[in-house]
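# Residue-level structural notes
Spelled out, the chains give:
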Amino acid sequence: MLNHKFGINFVKYAMYLSLILLIAFIALIIGYIVLEGLAQLNLDLLISSNPLIVSTLMLIGIALIVAIPLGIFSAIYMQMYAKQGRIISLIRFSIDSLTGIPSIIYGLFALSFFIYYFGLNRSIFAAGLAMAIVILPVLIKNTEEAIKTIERSQIEASLALGATKYDTVTKVVVPFCLDGIINGVILSIGRIIGETAAIMFVIGTLNGFPTSIFEPSATLATHLYLILQEPTYAQGGIQEAYSLALILLLIVIILNVLVKFVEKYFKKKRGY
Amino acid sequence: MEDIFTIRDLNLYYGKNHALKNMDIALKKNKVTALIGPSGCGKSTFLRCLNRMNDLIENCTITGQIIYDNDNINVEKYNVIELRKKVGMVFQKPNPFPMSIYENVIYGPKCQGLTDKAILDELVEDSLKKAALWDEVKDRLNTSALSLSGGQQQRLCIARTIAMDPDVILMDEPTSALDPISTKKIEELMETLKNNYTIVIVTHSMQQAARISDYTAFFLMGEIVEYDLTDIIFSNPAQQQTEDYVTGRFG
Amino acid sequence: MIMLDEVLDGIIVSLSEMFEKTTQAHRHAIQALIQKDNKKALIVLDGDEHINQLEEQINYDVMLAIAKYQPVASDLRKLIAIIKVANDLERIGDYAKTIAKTAILNCDETFLNETFLKNSLKMSNIVIDLLEKAREAFIRQDVDYAYEIIQSENQLGGLLRETIASNPFSLIKDDNVESYMLLMGVLRTLERSRGHLANICEATIFIGNGKFVEL
């Protein structure tokens with residue numbers, strides 16, 4: 001009896017402790033960046049980081065435009081249309097495995113495929129394609145999981161009413177998967193913003209304000225990486241790094257909030 | 001009295017499992033036919049043959065003739081979508097779409113291209129009235145269907161099916177998940193529905209089959225053991241197996 | 001939870017008892033009449049109360065069984081048949097009472113003569129015999145036996161017709177109304193018992209093949 005009670009209490013306190021440590025850790029990181037970053041932050045810096053911000057946003061845009069349709073259609077096909085056999089299982093297994101591959105390998109692949117084989121310029125576009133490949137498995141997986149949450153009985157009900165499979169997918173499945181899809185998008189954005197290894201070698205270096213996506217550039221993350229490698233590379237030295245980090249953090253938060261608003265809008269539109 | 005479905009030599013296989021064996025039966029138009037029998041004996045499987053819902057199951061082979069409206073529907077090229085408009089189905093667990101009540105009812109017609117709001121409004125009122133649900137929901141057609149009680153949800157599913165103006169309504173244990181009062185309401189509903197539709201219902205409740213159906217078919221291990229007027233099945237069945245089942249001696 | 005089979009068995013035991021008591025009542029009643037035994041007659045009159053109680057109990061048990069078990073097919077037919085048979089037995093028991101009352105009245109002042117009493121004994125014995133046979137047919141649910149029994153009660157019919165056709169003065173002592181009333185009383189009970197026995201056989205047939213027959 002005593003042991004049992006001790007056991008329960010021990011677990012309880014261990015959980016509390018872990019939570020506190022975790023919060024402390026996060027607060028420390030964010031706090032440190034914010035404090036140091038704010039110290040350096042001024043209007044000049046913001047203006048000079050403008051091209052970086054724009055490049056980052058362009059990168060996100062391209063990656064999402066390529067990956068979202070591809071990902072959603074693939075997921076829909078695999079869940080709703082494909083014959084569930086060994087081949088599909090194999091494909092699914094491969095996609096799952098892809099989510100765990102280190103980014104540097106994606107970087108290598110992008111370099112060989114887009115730059116060397118296809119002869120593309122080092123550019124935001126090439127980087128966007130690379131990132132699309134990185135986030136595709138995540139999007140597919142999340143969308144598939146979302147589709148799976150639609151109860152089979154709903155699909156049966158739709159078909160039993162004389163609706164075609166297409167009707168069923170567009171009216172019953174997809175509208176109610178949006179949660180999962182958006183979840184996947186949020187995860188992807190987070191990945192894209194912070195990615196360096198995958199796009200390092202295909203994006204090039206900062207070339208002033210990016211006038212075209214087919215020109216080389218740099219993102220906040222890649223620039224930050226270069227600064228840390230070579231502190232003299234930046235004008236403000238390592239201090240600039242903190243400010244960039246802060247800007248990065250802010251962008252992540254703003255984008256996530258935006259996506260949540262989009263989600264809320266769709267939820268309101270369909271009434272629940 | 002007309003036959004609306006004529007089934008000849010129907011055999012169904014799940015892979016190697018011979019689930020329905022050599023079935024011959026003619027279902028009567030504008031009557032309620034109950035399918036009874038112990039669990040796993042093929043009643044639901046048989047029901048799903050009537051609107052080709054077994055197509056959704058992999059590895060399922062169906063041979064034999066299922067004749068509806070002078071056509072064998074068990075052929076590859078038969079237009080299944082058209083079939084399901086005329087042969088609707090209500091499932092065991094109420095499954096309204098997570099949309100408003102209004103949108104649930106017009107789902108089918110909308111998929112067929114009907115967009116005129118006036119016609120849709122009328123259709124919604126008509127269908128909900130026929131499903132004995134109108135009075136309870138007429139003031140909240142735009143609220144979510146999921147806010148309804150189980151019994152109401154099931155009646156909504158019935159309204160949704162009626163909105164397609166089918167000839168036949170198939171019901172797969174429609175009240176087994178509902179409380180007794182909802183069950184009673186739906187049983188009363190079936191009595192009025194049969195004037196305009198043919199109803200085929202799978203049920204585990206002997207009392208329900210005896211109360212509401214005109215004809216009863218007793219299924220056992222993939223075969224139809226006896227098929228006759230309900231009055232006869234429950235007062236003086238011809239087969240000993242039927243007698244044993246309805247009196248609760250087994251199953 | 002008690003199964004319907006057990007309940008049915010219990011009710012049939014009660015019905016069996018009712019058969020027994022009714023048969024016994026007739027035996028005692030006819031003996032009381034022949035032997036001019038007042039005591040035996042009183043036993044019959046007392047026993048009738050018990051027979052009525054049995055019928056009440058059976059009705060109640062059947063009603064509960066139907067409410068609780070929602071029986072169908074042969075179970076339902078059995079329960080319906082049991083109610084009918086209990087009712088018929090109760091009536092037959094009443095007739096035994098009538099004979100017993102006649103016995104008491106005939107004791108004090110003899111109205112019915114020996115010839116009639118001998119005939120009554122014969123016919124009563126047939127009734128008792130048929131009762132026992134009908135009971136067997138019902139318990140065993142032997143439809144063919146039930147049909148056979150109906151045939152033999154024609155014999156009873158024949159004897160009754162004979163008696164009715166004979167000279168009334170060969171049956172009664174004095175030509176007064178009371179004599180005639182007692183005579184009619186006995187004859188009528190025997191006639192009606194025939195009817196109820198037929199009903200019991202029809203009930204047995206009904207359980208067996210679900211058909212209502214009129215025999």
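Everything quoted here is computed from the prediction, not taken from an experiment. Each chain has its residues counted from 1, running along the sequence as written. All chains are assigned letters beginning at A, and all ligands numbers beginning at 1, according to the order in which they are written. With the structure being a predicted model, the display of local features is reserved for residues of pLDDT at least 70 and the display and counting of side-chain atom pairs for 80 or more, all residues being used for whole-chain, interface and lining totals. The side-chain numbers reported here are obtained from all heavy atoms of the structure, hydrogens and water having been left aside.

### Digging into the nonpolar core
Only buried residues count toward a nonpolar core, which is a set of Ala, Val, Leu, Ile, Met, Phe, Trp, Tyr and Cys residues joined through side-chain atoms within 4.5 Å. Note on classification: 1.4 Å probe, protein chains only; a residue is buried when its accessible area is under 20% of the maximum for its type, exposed when over 50%, partly exposed between these limits. The biggest cluster of nonpolar side chains holds 110 residues, and the ones touching the most others in it are Met131 and Val202 of chain A together with Phe5, Ile7, Leu10, Phe46 and Tyr68 of chain B. Secondary structure elements follow DSSP: runs of H or I no shorter than four residues count as helices, runs of E no shorter than two count as strands, and numbering proceeds from the N terminus. Here this core takes 14 residues from helix α5 (residues 124-149) of chain A, the largest share from any one element. If you look at the next biggest cluster of nonpolar residues, it comprises 64 residues, including Ile30, Leu79, Val186 and Ile200 of chain C.

### Remarks on the sheet that holds strand β10 (residues 223-229) of chain B
All names here are of chain B. Strand pairing is defined by DSSP finding a minimum of two bridges between the two strands. Taken together, the 6 strands give an open sheet; going across it, the order is β6-β7-β8-β3-β9-β10, and neighbouring strands pair in mixed fashion. Single-partner strands in this sheet number two, and they are β6 (87-90) and β10. Averaged over all pairs of adjacent strands, the angle between strand axes in this sheet comes to 15 degrees, irrespective of strand direction. By the bridge criterion, 5 bridges tie strand β7 (residues 168-172) to strand β8 (residues 198-202) in an arrangement that is parallel. Pairing of Asp172 across the sheet is with Val202, part of β8. The axes used here are C-alpha line fits, helices contributing only the stretch in contact, and every angle between their N-to-C directions lies in the interval 0 to 180 degrees.

### Observations concerning the packing of helix α4 (residues 103-117) of chain A against α5 of chain A
All names here are of chain A. Direction vectors running N to C along α4 and α5 enclose 130 degrees, while the axes themselves pass 10 Å from each other. If you check the angle between α4 and α5, you find them oblique. Relative to α5, the crossing made by α4 is right-handed. Where α4 approaches α5, its residues Tyr106, Phe109, Ala110, Phe114 and Ile115 are matched on the opposing element by Ala126, Leu129, Ala130, Ile133, Val134 and Pro137. Comment on the angle field: the value is read as roughly parallel under 35 degrees, roughly antiparallel over 145, roughly perpendicular from 65 to 115, and oblique elsewhere. We call a crossing left-handed when the near helix sits turned anticlockwise from the far one by less than a right angle, and right-handed when that turn is clockwise. The contact criterion used throughout is that any non-hydrogen atoms of two residues lie within 4.5 Å.

### Side note on the pairing of strand β4 (residues 60-68) of chain B
Residue and element names in this part refer to chain B. Here 8 bridges tie strand β1 (residues 3-14) to β4, and the two strands are oriented antiparallel to one another. Within β4, the position partnered with Arg8 by the bridge is Gln65. Judged from the 2 bridges that link them, β4 and strand β5 (residues 71-72) form a sheet pairing that is antiparallel. Following the sheet pairing, Ile67 is matched in β5 by Asn72. The antiparallel hairpin formed by β4 and β5 contains 2 residues in its connecting segment, where Asp69 sits at a positive phi of about 55 degrees.

### Here's the deal with the interface of chain B and chain C
Often, the extent of an interface is quoted as the loss of accessible area upon association of its parts. Counting residues at the interface gives 9 residues for chain B, matched by 9 residues for chain C. The buried area of a pairing is the accessible area, by a 1.4 Å probe, that goes missing from both parts when the two are put together, added over both. It is Gln207, Asn236 and Arg249 of chain B in chain B that bury the most area against chain C; as a group they hold 47% of the surface buried on that side. Salt-bridge detection follows one rule: a side-chain nitrogen of Lys or Arg within 4 Å of a carboxyl oxygen of Asp or Glu. At the surface where chain B touches chain C, the tally comes to 2 salt bridges. Here Asp5 of chain C makes a salt bridge to Arg249 of chain B, at a shortest N to O gap of 2.6 Å. Polar contact is defined as a pair of N or O atoms within 3.5 Å, subject to the rule that within protein one atom must be able to donate a hydrogen and the other to accept it, and that residues adjacent in sequence are counted only when both atoms are side-chain atoms. At the junction of chain B with chain C, the criterion picks out 7 residue pairs in polar contact (both at pLDDT 80 or more). Only α9 (230-235) and α10 (240-246) of chain B provide two or more residues apiece to the side of chain B that touches chain C. Looking at the side of chain B that touches chain C residue by residue, the classes come out as 3 nonpolar, 4 polar and 2 charged. Only Asp, Glu, Lys and Arg are considered charged, only Ala, Val, Leu, Ile, Met, Phe, Trp, Tyr, Cys and Pro nonpolar, and every remaining residue, Gly among them, polar.

### Re the pattern of salt bridges
On inspection of all chains with the given rule, the structure shows 33 salt bridges over all chains. Where Lys29 of chain B meets Glu2 of chain B, a salt bridge forms, and the shortest distance between an N and an O atom there is 4.0 Å. Residue Lys29 of chain B is found in the loop between β2 (17-28) and β3 (32-36), and its partner Glu2 of chain B is found in the segment before β1; the two are separated by 27 residues along the sequence. Note on Lys29 of chain B: relative accessible area 35%, which makes it partly exposed. Residue Asp94 of chain C pairs with Arg91 of chain C through a salt bridge whose shortest N-O separation is 3.0 Å. One end of the pair, Asp94 of chain C, and the other, Arg91 of chain C, are both in helix α3 (residues 73-108), 3 residues apart, so they sit about a helical turn from each other. You can call Arg91 of chain C partly exposed: its relative accessible area is 31%. Look at the salt bridges and you will find they share partners, linking Asp96, Lys141, Glu145 and Lys148 of chain A into a network.

### Re the pairing of β3 of chain B
Each regular strand displays side chains that alternate between the two surfaces of the sheet. Residue and element names in this part refer to chain B. Taken across its 5 residues, β3 has 5 buried, putting it largely inside the fold. Note that β3 and β8 share 4 bridges and pair parallel. Paired with Thr33 across the two strands is Val200, which belongs to β8. Across 4 bridges, β3 lies against strand β9 (residues 215-220) in parallel orientation. Residue Ala34 lies in a different strand from β9, and its bridge partner there is Thr216.

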